[in-house]
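Structural overview
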Amino acid sequence: MNDAKVSVGFSCQRCLQPINIDDSFTALGEHTLAELALPINSHIEVDIESQSASMDHFVPPFRFAECSGTDTNGFMLLSDGPDRDLLSQNLRVKAELFDTLSNNSEIDHPLCDECTDTLLELMDKQLKMAEDEWNDYNNYLKKLELTDDVPNVDLLEKELNDLKGEEERLLQELSELSREEDAIKLAVKEQEVEKQRLSNEEEKYWREYTKHRRDVITTEDEFRSLECQMSYAQVQLDKLKKTNVFNVTFHIWHSGHFGTINNFRLGRLPSAPVDWSEINAAWGQTCLLLSALARKMNLTFKNYRLVPYGNHSHIEVLSDGKELPLYGSGGFRFFWDTKFDAAMVAFLDCLQQFKEEVVKKDPDFCLPYRMEKGKIEDSATGNSYSIKIQFNSEEQWTKALKFLLTNLKWGLTWVSSQFTEEKQAV
């Protein structure tokens, strides 16, 4: 370390920035110290607390003279040169100066220029406020001096006492209201706890309600679905009740010169050579229909038994057990297998027995075409047509089969009407 002098710095007691002290403060006379010891704030008090919001920092007062040379809160001498005693003496003088100023005012010293300007502005504002207040009082005093009415002091004192009593009463009322407020706050706190509990209960309730509501909606959807299914099933059941199984199963109609059953043509024409497999299928449906109608009426045919077997259906002769086939094959010939002709004649006989059984139950029933010994007679023209193929033409055989299906359709209609009446009666 060299022998040069090191200046000692102080920090501003407001902004804590380092400041340099003028050398003229190193030597102060007794008169100067006496003047500085006079109270600075005897007439004007600077309310530091109320103005603290306008100050950046506020440092509690401390005494520079009490700081040791090695204390971190004070100052430290950075030189061991020959002027050490002189510097210490100057430092003590300055410290005593700042302590004296701090003791006689509400403000700690030293202050930097900026902080001093701020403090002066603050003091000017307070001075202006004090002057305004003094002017108001002075004007009021002059007004009182000019008026002739002298205020009644006793009346004013009485009014003052009344106001003080009112103040005490209001303060007591305020105290009671404060106690009530505390009680109300406690009650509100308890109610808040109860509110929170009820809120939790409500949330739990809504969760359960939502769950049950979802179950109800699902159940209602299932119920409506079941109702729709039941309604559909009921409609289908009513439709089935009104539907005749014979009419649905066996559809007898015509296609040109051919009679048809379930769209199978029964017969052959030179202009329309129907395949024998179709004819055999038509005979199988015809045999099945007559057998079903007889079973519905509890009719047992004499001499014959119908055996429906698709396109290989046949009629059994009860006397000798002979089977008469209701199917054929090959072309149309004059000399045909007599068993096929005998089977068709036997079928016509069974249809005649069915007609006679219906007449027993309904005397008004009749068929459009009369049947006798293997022939069908057209009552409109009086012509008869053989059911046989042998010694017959395709046209006449086909027309006989068409008349046979027409008679069978009439019998089907009569049985269907009886079946419908039975269902309605049930």
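Right, let's walk through the structure included here. Every value quoted in this text rests on a predicted model; they were computed, and no experiment measured them. (Residues numbered from 1 in each chain as written. Predicted model: local features only at pLDDT ≥ 70, side-chain atom pairs only at ≥ 80, totals over all residues. Heavy atoms only, no water.)

It is worth spelling out the overall build of the protein chain at this point. Along the protein chain, the regular secondary structure elements total 8 helices and 11 strands. Counting all 426 residues of the protein chain, 29% fall into the buried class. For the protein chain, contacts bridging at least 24 residues in sequence account for 61% of all contacts bridging at least 6. Put simply, the protein chain shows about 29,400 Å² of open surface, and 53% of that area lies on carbon and sulfur atoms. (Helix = DSSP H or I, 4+ residues; strand = E, 2+ residues; numbered from the N terminus. Buried < 20%, exposed > 50% of the residue type's maximum accessible area, 1.4 Å probe, protein only. Contact = heavy atoms within 4.5 Å. Areas by Shrake-Rupley, 256 points an atom, 1.4 Å probe, with all protein chains shown as cover.)

This part takes up a nonpolar patch on the surface. Side chains of Y205, W206 and Y209 sit close together on the surface and give an oily, nonpolar patch of about 350 Å² of accessible area. Relative to the elements of secondary structure, Y205 occurs in helix α4 (residues 153–242). (Patch = residues over 30% accessible without salt bridge, like charges linked within 9 Å, V, L, I, M, F, W, Y side chains within 5 Å. Salt bridge = Lys/Arg side-chain N within 4 Å of Asp/Glu carboxyl O.)

Attention shifts here to the sheet that holds strand β6 (residues 304–307). If you walk across this open sheet you meet the 3 strands as β6-β7-β8, and the pairing is antiparallel. Edge positions in the sheet fall to β6 and β8 (323–325), since each of these pairs with one other strand and no more. Direction aside, the axes of adjacent strands within the sheet are offset by 25 degrees on average. As paired elements, β6 and strand β7 (residues 314–317) share 4 bridges and run antiparallel to each other. (Pairing = 2+ DSSP bridges. Axes fitted to C-alpha atoms, helices over the stretch in contact; angles between N-to-C directions.)

When charged atoms on two side chains of opposite charge get close, those side chains can pair. For the structure shown, the criterion picks out 14 salt bridges. D132 is paired through a salt bridge with K128; the nearest N and O atoms lie 3.0 Å apart. Here the residue D132 and the residue K128 both occupy positions in helix α3 (residues 113–146), the gap between them amounting to 4 residues, near one helical turn. Judged by relative accessible area, D132 falls into the partly exposed class, the value being 33%. By relative accessible area, which is 45% here, K128 ends up partly exposed. Of the charged contacts in the structure, one is a salt bridge between E181 and K185, with a shortest N-O distance of 3.5 Å. One end of the pair is E181 and the other is K185, both in helix α4 and 4 residues apart, which spans about a single turn. Residue classification places E181 among the partly exposed positions, given a relative accessible area of 39%. Among the charged side chains, a network of salt bridges with common partners joins E166, R169 and E173.

Scope: geometric values only; no functional claims are made or implied.
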